[in-house]
Amino acid sequence: MKEHRIYGENVAIRGEDVKAFWAKRAALAGVGVTRSTLQGNHGGVDLTKMQNARDNEMFRECTGGSKQRILEFGCGNGRWGEMLKDIVESYSGIDFTPEFIEQARELFAGDGRFRFSVGALTELPMDFIRAGGEYTMGICAGCVMYLNDDEAPLFYKRVAELPISALFLKETVSAMDKRLTLVDFPSKELQTDYNVVYRMPSEYEAFYRDELPGFRIERKGWLYPPESGIWAETNNYFWHLVRG
């Protein structure tokens, strides 16, 4: 029998399966800009509402609520752009799912502050990024967990070369003392098979140390208190990094 939950081993996931998963999620756009990218309810908890609130709160705490020139990696259909619209000076969003980019363009049609391009973390659209000038904040929320260990360092190395002053990074991570990889895992909440690498926070910080040498960690922590018990094995963790 195939093992879908793999603990403590560095197992690769298939990029084509990840792309297929997000294409399926994009087809759920009718349920709203947030619900097509996030889980709905889990154990009676509205995860969409809770996660939007915590993401918004933590980002504004880290930035002081100041106006931002944002570059987002893995923007989906515009959840973060919509959430931060009141403090956006300019916003450039990249995602590897064309359907999400179409939805984001429709959502922000007529607002010249927002621009979008199809592009993967492993193959960034550099001309599009350069056209946006300099950025005060780069956002990457819940995307690197879909990259394998040989791909993630290359992404961070490229980010270090971009004209970005600070980074807000967030991933769903293992809350255990070992990583957890899901391979073709049948998820009831997501209504499809799921492939993802839940690394430990220390593994991400090793990437930052090695591949983002110009940045320092200004603030970090769990998005939800571990004792909340929302999930038994995973949780959301964030890092605010500043260049210099």
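Below you will find a few notes about this structure. (Residues numbered from 1 in each chain as written. Predicted model: local features only at pLDDT ≥ 70, side-chain atom pairs only at ≥ 80, totals over all residues. Heavy atoms only, no water.)

Turning next to the packing of aromatic side chains. Between two aromatic rings, the relevant description is the distance of the centres plus the angle of the planes. Summed over all chains, the structure comprises 22 aromatic pairs. Centroid distance Trp22 to Tyr146: 5.7 Å. Interplanar angle 90 degrees. Geometry classified as edge-to-face. Note that Trp22 is positioned in helix H1 (residues 15-26) and Tyr146 in the loop between strand S7 (137-141) and helix H6 (152-160), a separation of 124 residues in sequence. Relative accessible area serves as the criterion here: at 12%, Trp22 is assigned to the buried category. Each ring, one from Phe155 and one from Tyr156, has its centre 5.3 Å from the other, and the planes form 50 degrees; the classification is tilted. Considered together, Phe155 and Tyr156 belong to a single accessibility category, that of buried residues. Of the aromatic side chains, those joined through ring pairs into one cluster are Phe73, Phe155, Tyr156, Tyr204, Phe207, Tyr208, Trp222, Tyr237 and Trp239. (Phe/Tyr/Trp six-rings, centres within 6.5 Å; stacked < 30°, edge-to-face > 60°. Helix = DSSP H or I, 4+ residues; strand = E, 2+ residues; numbered from the N terminus. Buried < 20%, exposed > 50% of the residue type's maximum accessible area, 1.4 Å probe, protein only.)

So, about the pairing of strand S10 (residues 192-198). With 6 of its 7 residues buried, S10 lies for the most part within the structure. With 6 bridges joining them, strand S9 (residues 180-187) and S10 adopt antiparallel strand pairing. Counted as the bridge partner of Pro186 is Asp193 from S10. (Pairing = 2+ DSSP bridges.)

This next bit is on the nonpolar core. One finds Phe73, Ile129, Val144, Phe155, Tyr156, Tyr204 and Tyr208 to be the most contacted residues of the largest nonpolar core, which totals 47 residues. When neighbours within four sequence positions are excluded, Ile129 is seen to be in contact with Leu71, Ile94, Leu124, Tyr135 and Leu162. Ranked by size, the runner-up nonpolar core spans 27 residues in total, among them Met58, Phe59, Cys62 and Leu223. (Core = buried A, V, L, I, M, F, W, Y, C linked by side-chain atoms within 4.5 Å. Contact = heavy atoms within 4.5 Å.)

Tallied over the entire structure, the rule returns 21 salt bridges. The closest approach of N and O atoms between Glu161 and Arg158, which form a salt bridge, is 3.5 Å. What makes Glu161 exposed here is its relative accessible area of 57%. Judged by relative accessible area, Arg158 falls into the partly exposed class, the value being 34%. (Salt bridge = Lys/Arg side-chain N within 4 Å of Asp/Glu carboxyl O.)

For the pair H1 and helix H4 (residues 98-107), the least separation of the axes is 8 Å and the interaxial angle reads 35 degrees. Of the residues in H4, those in contact with Trp22, Arg25 and Ala26 of H1 are Glu99, Phe100 and Gln103. Looking at the contact of H1 with H4 residue by residue, the class counts come to 3 nonpolar, 1 polar and 2 charged. (Axes fitted to C-alpha atoms, helices over the stretch in contact; angles between N-to-C directions. Nonpolar A, V, L, I, M, F, W, Y, C, P; charged D, E, K, R; others polar.)

Moving on to helix H2 (residues 47-63). If you check H2, its first and last C-alpha atoms are 24 Å apart, about what 17 residues at 1.5 Å a residue would give, namely 24 Å. When H2 is considered as a whole, its buried residues turn out to be Leu47, Thr48, Gln51, Asn52, Asp55, Met58, Phe59, Cys62 and Thr63. Projection of H2 onto a plane perpendicular to its axis shows the buried side chains occupying an angular sector of 145 degrees, all on one side. Gly64 occupies a position one or two residues after H2 and carries a positive phi of about 75 degrees. (Expected span 1.5 Å × (residues − 1). Arc of directions from axis to C-beta.)

Another point: unusual backbone geometry. You will see that Asp184, though not glycine, has its phi angle at about 50 degrees, which is positive. Tracing the sequence through the fold places Asp184 in strand S9.

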